[in-house]
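# Remarks on the overall topology
The residues making up each chain are set out below.
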Amino acid sequence: IIVISFFLVQSLFQSCCWTGDCNEIPEPISSFKPIIMDRTAFESSVKLLPSQNLVKSGKIYIKDDLMLLNDVNKGFHVYNYSNPENPVKIAFIEIPGATDVAIRNSTIYINQAVDLVTLNYNSNTNTLTVLSRNRNIFPQKRSPDGFVGNYAENQIIVNWILN
């Protein structure tokens, strides 16, 4: 009985599974799916729109009388900040995939997913001009749980949503 018990316990410890290939490790799966734009649509997606409601706030950047508030992966809310106690919504810069901004003099630099986009916003005329685009400066966006999405050569991941 001891010998049989020994072999039974030993076989249980040596076996990693009852069925299938014991060396097979399941492929991890993301809980998110990528929102993908083709390169042409991505590059023509920068627009100045009327002010919008904030969905998911990100970084804030203040320069003189201008405040930019990121709506993560959607764009930037533009405020008149001449009275810091009462900022006034002016417009929304729609720029899918955007999460960060910097301003030097009157030039606005925004990361749009994989690209660095240079803009000029004129608060007097409420106009926006795309000055330049440096392509593929940044890596593709990873999912919130760390996965890399499947995309073709001319596709850009601009966001991730829960499956």
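Read on for an overview of the structure.

### Notes on the pattern of salt bridges
Throughout the structure, instances matching the rule amount to 7 salt bridges. Where lysine 47 meets glutamate 94, a salt bridge forms, and the shortest distance between an N and an O atom there is 3.8 Å. You can see lysine 47 sitting in strand S2 (residues 47-50) and its partner glutamate 94 sitting in strand S6 (residues 88-94), a full 47 residues away along the chain. Residue glutamate 94 is classed as partly exposed on the basis of its relative accessible area, which comes to 26%.

### Some details on the side chain of serine 45
Along the chain, the position of serine 45 falls in the loop between helix H2 (39-43) and S2. A residue is classified by how much of its surface remains accessible, and serine 45, at 5% relative accessible area, is buried. A distance of 2.6 Å separates a polar atom in the side chain of serine 45 from the backbone oxygen of phenylalanine 42. Each residue touching serine 45, except ones within four places of it in the same chain, is listed here: Met37, Glu94, Pro96 and Gln112.

What counts as what
Starting afresh in each chain, residues are numbered from 1 along the sequence in its written order. Confidence filtering applies because this is a predicted model: local features only for residues at pLDDT of at least 70, side-chain atom pairs given and counted only at 80 or more, and all residues used for totals across whole chains, interfaces and linings. By convention in this description, side-chain values take in all heavy atoms of the structure and omit both hydrogens and water. Salt bridges are defined by distance alone: a side-chain nitrogen of Lys or Arg within 4 Å of a carboxyl oxygen of Asp or Glu. Numbering of helices and strands runs from the N terminus, with a helix taken as a DSSP run of H or I at least four residues long and a strand as a DSSP run of E at least two residues long. Only protein chains enter the accessibility calculation, which uses a 1.4 Å probe; a residue whose area is less than 20% of its type maximum is buried, one above 50% is exposed, and one in between is partly exposed. Two N or O atoms count as a polar contact when they lie within 3.5 Å, although within protein this holds only if one can serve as hydrogen donor and the other as acceptor, and sequence-adjacent residues are included solely when both atoms are side-chain atoms. Only heavy atoms enter the contact rule, under which two residues are in contact if any of them lie within 4.5 Å.

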